[in-house]
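Survey of secondary and tertiary structure
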Amino acid sequence: MSNVWRTLAGSVLTVALVLWALSAGAQQGKEWPIYGADYANTRYSALDQINTKNVRRLRVAWIRSLGTIESQEATPIVVGDTMYVSTSTGPRYVFALSARDGTVKWKYEPELPKDVVATVCCGLDSRGVAYANGRVFVTRLDAKLVALDANTGKELWTVTVVDYKAGHAITSPPLVYKNLVVTGFAGGEYGVRGAVQAYRQDSGELAWKTYTIPGPGEPGNESWMGDSWKTGAGSTWYVGSYDPKLNLVYWGTSNAGPWGAHTRSTDTSEYGQYTNLHTASQLAFDADSGRIAWAYQMTPADVWDYDGVNEAVLADLRVGGQTVPALMKADRNGFFYVLNRETGKLVSAEPFVEVNWAKSIDKSTGRPIEDPEKRPRLNKWARNVCPNLFGGKNWEPMSYSRQTGLAYIPSFNLCMDIAGKAEDYSPGKFYLASEFDLDKAGTGAHLSELKAWDPVKQTAAWGIKEDLPFLGGVMSTAGGLVFYGNTHGALKGVDAKTGDVLWKFNVGTGILQSPITYAVDGKQYLAVVAGRVKGPPSFLGKIGQKVIDASPEGGVLVVFELGN
């Protein structure tokens with residue numbers, strides 16, 4: 001074989017291995033190359049050097065200050081021996097660090113407009129960056145998307161996705177596949193019209209853009225009353241998933257806008273045609289064209305702020321003796337959904353937390369069977385609605401373990417009173433048309449719970465109750481472990497089968513995001529970003545004050561290794 005053919009064959013093999021490692025359902029190796037560990041958003045690692053037998057030997061390997069004290073919500077990614085991590089407030093910084101010892105390789109410090117904070121709903125967040133083909137892709141609160149040289153941190157290109165002054169922001173990392181980098185954006189509380197947009201990785205050229213809210217002449221526009229679609233929200237502020245085999249991209253959409261349904265629907269549980277597509281929904285897009293392949297709406301004519309943005313986790317499940325290409329979602333509305341990710345057809349849906357706004361999900365229509373008394377209306381309060389608008393689960397990611405077949409969910413146990421009110425739309429300003437009281441606990445003495453959930457049986461396997469809300473995201477490993485953190489700053493290592501806490505360490509400030517794990521030079525590491533939640537607790541009254549008092553502000557990346 002000539003050198004040319006050897007080079008070509010090696011390149012083809014490398015590309016194939018990279019595609020396999022990132023494919024939906026594939027177990028990644030030593031790296032953590034993407035936000036959710038893989039395209040399927042499983043947050044599962046095949047590494048097992050750290051396991052149930054030795055997890056008690058974990059000790060701190062190195063620490064890196066992140067330089068900001070707003071809520072830290074980033075998942076670091078690891079490619080080769082380099083870790084890339086963003087900080088809050090913009091991000092103020094993106095660091096490229098040695099994954100061995102935390103040494104800074106380069107730092108990106110963008111200049112953001114000073115008035116950007118006026119159009120950010122719920123915290124100055126940055127949930128991380130993406131990597132592909134020697135580039136690091138960064139999203140910003142001023143609604144820009146930036147490509148950096150992965151070796152130097154130099155800006156390669158910058159594009160404006162949307163105008164931040166109209167109420168837009170981007171808080172989550174983009175999705176990268178093939179030659180594209182795809183992003184959504186926030187703004188569901190500002191009367192925006194949501195969309196998903198794809199750009200060429202090499203140039204930043206727009207490849208496609210698909211609105212989540214159908215305009216006149218588009219299928220679904222009849223589900224909006226009058227011109228209400230123009231401010232219908234359906235924003236796409238969290239992360240996408242990708243199935244290379246089906247060539248489909250999956251993205252969830254936010255609440256309908258404004259929250260008060262009297263502006264866009266019948267303002268009753270008998271909403272008829274006015275379901276407000278495609279809000280509070282799970283969408284599947286053709287990965288090349290952006291065409292909507294299918295849509296499933298979890299909460300029609302939403303009035304509870306039940307964003308449907310929570311990550312879609314992809315796995316093949318054995319249901320009724322057959323293998324189903326499944327999409328799992330622990331939705332804010334309190335139901336755990338299993339959909340066929342090829343067709344969008346409902347497989348099952350059951351409550352995974354206390355739910356009283358709906359009695360069940362009608363399996364034939366896929367729609368919730370509501371309790372009309374729990375639907376707020378204009379100047380009419382709905383009392384003790386469970387879950388509250390933070391949801392049964394918020395953005396903090398769950399994990400699906402291929403070892404146990406369980407999903408691990410950081411859940412809330414909160415309820416609310418809520419009512420619609422009259423409010424006029426003003427571009428760039430909050431547009432809720434709603435008022436609420438969120439300072440209400442659900443049943444029991446706990447305010448949150450890590451739940452191990454069987455997605456086939458649709459039942460809980462075990463749970464760990466916590467005294468305060470805002471649990472961190474979850475990671476599972478082939479070492480038989482589940483890792484998560486809490487508001488107090490305690491990072492815990494848990495037996496994935498039994499729920500027994502085997503190890504814990506307090507990092508000094510609250511943990512919101514999932515830990516990750518990776519290996520360099522044959523050694524497995526555990527890493528977590530910490531920095532207590534700031535912003536959302538202010539909506540929770542006395543409960544929120546307890547969250548604020550539980551840990552100091554901070555901004556730190558802590559990495560662990562096995563001791564002797």
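Above: the structure in question.
Keep in mind it's a predicted model, so treat the numbers as computed, not measured.

Let us now look at the overall build of the protein. Assigned secondary structure in the protein consists of two helices and 38 strands. Its C-alpha atoms give the protein a radius of gyration of 22 Å, near enough to 24 Å, the size a compact globule of 564 residues would have. With respect to the principal axes defined by its C-alpha atoms, the protein has extents near 70 × 55 × 50 Å. Each of the 564 residues in the protein was classed as buried or not, and the buried ones make up 64%. Looking at the protein alone, contacts between residues at least 24 apart form 61% of all its contacts between residues at least 6 apart. Accessible surface, the protein: about 19900 Å² in total, of which carbon and sulfur atoms supply 50%. Taking the 56 positively charged and 56 negatively charged side chains of the protein as two groups, their mean positions are separated by 4 Å.

Within the open sheet, the four strands sit side by side as 15-16-17-18. Their pairing is antiparallel. Two strands lie at the open edges of the sheet, namely strand 15 (241–243) and strand 18 (292–297), each paired on one side alone. The mean inter-strand angle of the sheet, taken between neighbouring strand axes irrespective of direction, is 20°. Strand direction decides the pairing type here: strand 17 (residues 281–286) and strand 18, joined by five bridges, are antiparallel. By the bridge assignment for strand 18, Leu283 is matched with Ala295.

On to the pairing of strand 21 (residues 335–340). Buried residues dominate strand 21, accounting for six of its six residues. Side-chain alternation along strand 21 places Phe335, Tyr337 and Leu339 on one buried face and Phe336, Val338 and Asn340 on a second face that is also buried. Sheet topology note: the strand 20 (residues 322–330)/strand 21 ladder contains five bridges and is antiparallel. If you follow Ala330 over to strand 21, its bridge partner there is Phe336. Linkage of strand 20 to strand 21, two consecutive antiparallel strands, is achieved through a turn of four residues, within which Gly334 is found at a positive phi near 100°. Bridge analysis of strand 21 against strand 22 (residues 346–351) gives five bridges, and the strand direction is antiparallel. Of the residues in strand 22, the one forming a bridge with Leu339 is Leu346. Between strand 21 and strand 22, which pair antiparallel and follow one another directly, the connecting turn spans five residues, one of which, Gly344, has a positive phi of 85°.

Next up on the list: helix 2 (residues 541–550). Inspection of helix 2 places Ile543, Gly544 and Val547 among the buried residues, and these make up the whole buried set. Within helix 2, the buried residues cover an arc of 100° as seen down the axis, which keeps them to one side. Residues of helix 2 that are exposed and point more than 90 degrees away from the buried face comprise Lys542, Lys546 and Asp549. Buried-residue contacts for helix 2 involve strand 28 (414–420) and strand 29 (434–441).

Quick look at the packing of aromatic side chains now. Evaluated as defined, the whole model comprises 30 aromatic pairs. Where Tyr296 meets Tyr337, the ring centres are 5.7 Å apart and the plane angle is 65°; that geometry is what we call edge-to-face. Residue Tyr296 is found in strand 18, and its partner Tyr337 is found in strand 21; the two are separated by 41 residues along the sequence. We note that Tyr296, like Tyr337, is buried. Taking 5.2 Å as the distance between ring centres and 75° as the angle between the ring planes, the aromatic pair formed by Phe505 and Phe560 counts as edge-to-face. Remark: Phe560 occurs in strand 38 (residues 556–562) and Phe505 occurs in strand 35 (residues 501–506); sequence separation between them is 55 residues. The class for Phe560 is buried, based on a relative accessible area of 0%. Through pairs of rings, three or more aromatic residues link up here, namely Tyr296, Trp304, Tyr306, Phe335, Tyr337 and Trp357. The ring of Trp395 is capped by Arg127, whose NZ or CZ atom sits 4.7 Å from the centre of that ring.

So, on to unusual backbone geometry. For the peptide bond that leads from Leu277 to His278, omega is -5°, which places it in the cis range. By the element assignment, His278 lies in the loop between strand 16 (248–252) and strand 17. Each neighbour pair has its own omega, and for Cys386 with Pro387 the value is -5°, a cis peptide bond. Its place among the elements puts Pro387 in the loop between strand 25 (382–385) and strand 26 (399–400).

Bringing the pattern of salt bridges into the picture now. All told, the structure shown has 25 salt bridges when counted by the stated rule. Across the pair Asp288 and Lys178 runs a salt bridge whose closest N-O atoms are separated by 3.0 Å. Here Asp288 is found in the loop between strand 17 and strand 18, whereas its partner Lys178 is found in the loop between strand 11 (175–177) and strand 12 (180–183), with 110 residues between them in sequence. Here Asp288 falls in the partly exposed class, since its relative accessible area comes to 46%. One salt bridge in this structure joins Glu311 and Lys393, with 3.0 Å as the shortest N-O distance. Separated by 82 residues along the polypeptide, Glu311 in the loop between strand 18 and strand 19 (313–319) and Lys393 in the loop between strand 25 and strand 26 bring together distant segments of the chain. For Glu311, a relative accessible area of 3% corresponds to the buried category. For Lys393, a relative accessible area of 0% gives the class buried. Among the charged side chains, a salt-bridge network with shared partners connects Asp81, Arg100, Lys105 and Asp521.

This part is about the state of the cysteines. Cysteine pairs can be covalently joined through their sulfur atoms, and such a bond is termed a disulfide. With the rule as written, the count across this model stands at one disulfide. Each sulfur in the disulfide pair Cys386 and Cys415 lies 2.1 Å from the other. As the torsion about the S-S bond is roughly 100°, the Cys386-Cys415 disulfide counts as right-handed. One end of the pair, Cys386, is in the loop between strand 25 and strand 26; the other, Cys415, is in strand 28, and 29 residues separate them in sequence. A relative accessible area of 2% places Cys415 in the buried class.

A word on the pairing of strand 19. Where strand 19 lies against strand 20, seven bridges are found, and the strand directions are antiparallel. Note that in strand 20 the partner of Leu314 across the bridge is Leu327. Where strand 19 hands over to strand 20, the hairpin turn is made up of two residues, of which Gly320 adopts a positive phi near 60°.

Reading the values: the criteria
- Residues numbered from 1 in each chain as written.
- Predicted model: local features only at pLDDT ≥ 70, side-chain atom pairs only at ≥ 80, totals over all residues.
- Heavy atoms only, no water.
- Helix = DSSP H or I, 4+ residues; strand = E, 2+ residues; numbered from the N terminus.
- Rg over C-alpha atoms; globule rule 2.2 N^0.38 Å.
- Buried < 20%, exposed > 50% of the residue type's maximum accessible area, 1.4 Å probe, protein only.
- Contact = heavy atoms within 4.5 Å.
- Areas by Shrake-Rupley, 256 points an atom, 1.4 Å probe, with all protein chains shown as cover.
- Lys, Arg positive; Asp, Glu negative; His and termini not counted.
- Charge placed at Lys NZ, Arg CZ, Asp CG, Glu CD.
- Pairing = 2+ DSSP bridges.
- Axes fitted to C-alpha atoms, helices over the stretch in contact; angles between N-to-C directions.
- Arc of directions from axis to C-beta.
- Phe/Tyr/Trp six-rings, centres within 6.5 Å; stacked < 30°, edge-to-face > 60°.
- Lys NZ or Arg CZ within 6 Å of the ring centre and 35° of its normal.
- Salt bridge = Lys/Arg side-chain N within 4 Å of Asp/Glu carboxyl O.
- Disulfide = S-S within 2.5 Å.

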